[in-house]
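What the coordinates show
Next come the chains, spelled out residue by residue.
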Amino acid sequence: MSTSAAFHRAMSLVEVESAHAERAFEAQPQPVPWPKAYGGDLVAQSVAAALRTVDGDRTLHSVHSSFLRGVDTAEPVHYEVEIIRDGRGFSTRHVRGHQHGRLAFMATTSFHVPESFPEHGPLMPDAPMPELLRSSAEVLSGLSGDDIEYWSHGRSFDMRHVPGPVYVEVEGERTAHQAVWVRAFDRLDEDPRTHQLAIAYVCDYTILEPVLRVLGLPWRSEGLATASLDHAMWFHTPARADDWLLYAQESAAISDGRGLGLGRFFTRDGRLVATVAQEGMIRPGRPL
């Protein structure tokens with residue numbers, strides 16, 4: 001059954017005693033079919049921890065993250081939140097995620113009191129409506145494996161690819177561009193912060209896929225190893241993560257075993273919601 005339970009569990013932070021910063025929280029990474037935790041857990045959990053320390057009049061507008069070590073899904077991550085600054089319009093927090101006594105993740109988050117201001121952004125690319133596309137579960141129907149079950153039902157979001165997914169094979173052209181319609185499986189609450197957290201959570205699942213598409217590497221390629229290295233995200237306008245959002249993506253650069261993915265989230269009517277940039281390690285396991 002497809003639900004958003006994994007996202008909700010990931011956002012269940014518990015405040016704990018802090019030894020090195022003003023506030024501290026712990027959160028559990030969610031199970032995945034491979035050795036290390038999903039990077040979106042860490043991004044969204046760090047933002048959730050920082051959000052606990054800012055006033056309710058301001059919302060997240062940027063997060064800049066570094067993935068330093070792989071995270072074990074069996075143990076919680078300890079997030080220390082340093083309160084850097086609270087101004088009239090902006091607040092800044094630095095978050096450090098520790099596991100097994102070692103620093104595994106760092107993020108700097110910035111929050112802004114919303115202002116009435118003109119909007120400008122790029123046009124949303126043309127894409128078929130999500131109702132015309134197959135869900136991941138439909139694409140993978142008839143296949144078996146822990147990874148198939150996870151891609152089909154375990155990621156809290158319905159994802160529908162244009163021109164096609166790269167799970168078992170690269171469907172469509174080996175182009176540097178793709179798009180993914182995303183929507184939470186379950187209806188979320190009315191708090192705009194919940195929807196920002198959901199978008200931060202889902203953004204890492206597919207951002208490196210245009211890199212894999214260019215290289216002709218589906219996720220199931222034998223010996224393929226990937227890892228998130230650093231990540232940046234900017235929020236431009238509020239949107240619901242339980243309504244369809246188009247996540248337009250491109251491979252911006254590939255070199256030295258690293259790929260840079262760029263992405264933009266749009267509402268169905270074309271408003272720019274968020275911009276993402278992420279670099280990842282790509283080790284193909286075979287000559288390219």
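A few points on the structure.

The rules we used
Residues numbered from 1 in each chain as written. Predicted model: local features only at pLDDT ≥ 70, side-chain atom pairs only at ≥ 80, totals over all residues. Heavy atoms only, no water. Phe/Tyr/Trp six-rings, centres within 6.5 Å; stacked < 30°, edge-to-face > 60°. Helix = DSSP H or I, 4+ residues; strand = E, 2+ residues; numbered from the N terminus. Buried < 20%, exposed > 50% of the residue type's maximum accessible area, 1.4 Å probe, protein only. Pairing = 2+ DSSP bridges. Axes fitted to C-alpha atoms, helices over the stretch in contact; angles between N-to-C directions. Contact = heavy atoms within 4.5 Å.

**Structural notes on the packing of aromatic side chains**
Applying the stated criterion across every chain, the model contains 11 aromatic pairs. Ring centres of Tyr 38 and Tyr 201 lie 5.5 Å apart, and the angle between their planes is 80°; on these two criteria the pair is classed as edge-to-face. With Tyr 38 in the loop between strand S2 (23-27) and helix H2 (39-51) and Tyr 201 in helix H5 (residues 192-202), this pair connects stretches of sequence that are 163 residues apart. The exposure classification of Tyr 38 matches that of Tyr 201, with both residues buried. Each member of the aromatic cluster is reached from another via a ring pair, and the members are Phe 7, Tyr 38, Phe 157, Tyr 201 and Tyr 205.

**Digging into the sheet that holds strand S11 (residues 258-267)**
Taken in spatial order, the 12 strands line up as S1-S2-S4-S5-S6-S3-S9-S12-S11-S10-S8-S7 in an open sheet, and their pairing is antiparallel. Bordering the open sheet on either side are strand S1 (14-16) and strand S7 (157-162), each of which pairs with just one other strand. Direction aside, the axes of adjacent strands within the sheet are offset by 25° on average. Across 9 bridges, S11 lies against strand S12 (residues 272-283) in antiparallel orientation. By the bridge assignment, Leu 260 is partnered in S12 with Glu 279. Contacting strand S3 (59-67), S7, strand S9 (225-235), strand S10 (245-255), S11 and S12, H5 runs over the sheet at an angle of about 150° to S9.

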